[in-house]
Amino acid sequence: MSCLRALLCLIFPPAAVLDKGCGSILLVTVLTCCAWVPGVLGAILICTRSN
């Protein structure tokens, strides 16, 4: 994971998972709307997961 993507995970989690698919975007958006920390954790987990 690049430094830019990690920073994007912290600042705006849904934008960090745009290239991961619609389900990931929806999941991170819902988590971010509930609270910021779960959204960040979800984005980091999705971005660091190997395909």
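Just so it is clear, the model here is predicted, and its values are computed rather than measured.

Caption draft 1: Just the overall build of the chain, in detail. When its secondary structure is counted, the chain shows 4 helices and 0 strands. For the chain, the N- to C-terminal ordering of α and β elements is α-α-α-α. Across the 51 residues that make up the chain, the buried fraction comes to 25%. A separation of at least 24 residues holds for 44% of the contacts in the chain among residues at least 6 apart in sequence.

Caption draft 2: Quick look at the pattern of salt bridges. Per the stated rule, a full pass over the model turns up 1 salt bridge. With a closest N to O distance of 3.2 Å, D19 and R5 form a salt bridge. Residue D19 is located in the loop between α2 (13-16) and α3 (22-34), and its partner R5 is located in helix α1 (residues 3-11); the two are separated by 14 residues in the primary sequence. Residue D19 is classed as exposed on the basis of its relative accessible area, which comes to 53%. The class of R5 is partly exposed, set by a relative accessible area of 24%.

Caption draft 3: Seen up close, the nonpolar core. Listed in full, the 7 residues of the largest apolar core are C9, A16, V17, V28, A43, I46 and C47. With 3 residues, the single largest contributor to this core is helix α4 (residues 36-48). Setting aside its immediate chain neighbours within four residues, A43 contacts C9, P13, V17 and V28.

Caption draft 4: Representation of the packing of α1 against α4 within the structure. One can describe the packing of α1 onto α4 by two numbers: an axis separation of 8 Å at closest approach and a directional angle of 155 degrees. The pairing of α1 with α4 is recorded here as roughly antiparallel in orientation. Between α1 and α4 lies a crossing of right-handed hand. Contacts between α1 and α4 pair R5, C9, L10 and I11 from the former with W36, V40, A43, I44 and C47 from the latter.

Quick notes on the rules
- Residues numbered from 1 in each chain as written.
- Predicted model: local features only at pLDDT ≥ 70, side-chain atom pairs only at ≥ 80, totals over all residues.
- Heavy atoms only, no water.
- Helix = DSSP H or I, 4+ residues; strand = E, 2+ residues; numbered from the N terminus.
- Buried < 20%, exposed > 50% of the residue type's maximum accessible area, 1.4 Å probe, protein only.
- Contact = heavy atoms within 4.5 Å.
- Salt bridge = Lys/Arg side-chain N within 4 Å of Asp/Glu carboxyl O.
- Core = buried A, V, L, I, M, F, W, Y, C linked by side-chain atoms within 4.5 Å.
- Axes fitted to C-alpha atoms, helices over the stretch in contact; angles between N-to-C directions.
- Parallel < 35°, antiparallel > 145°, perpendicular 65-115°, else oblique.
- Left-handed = near helix turned anticlockwise from the far one by under 90°.

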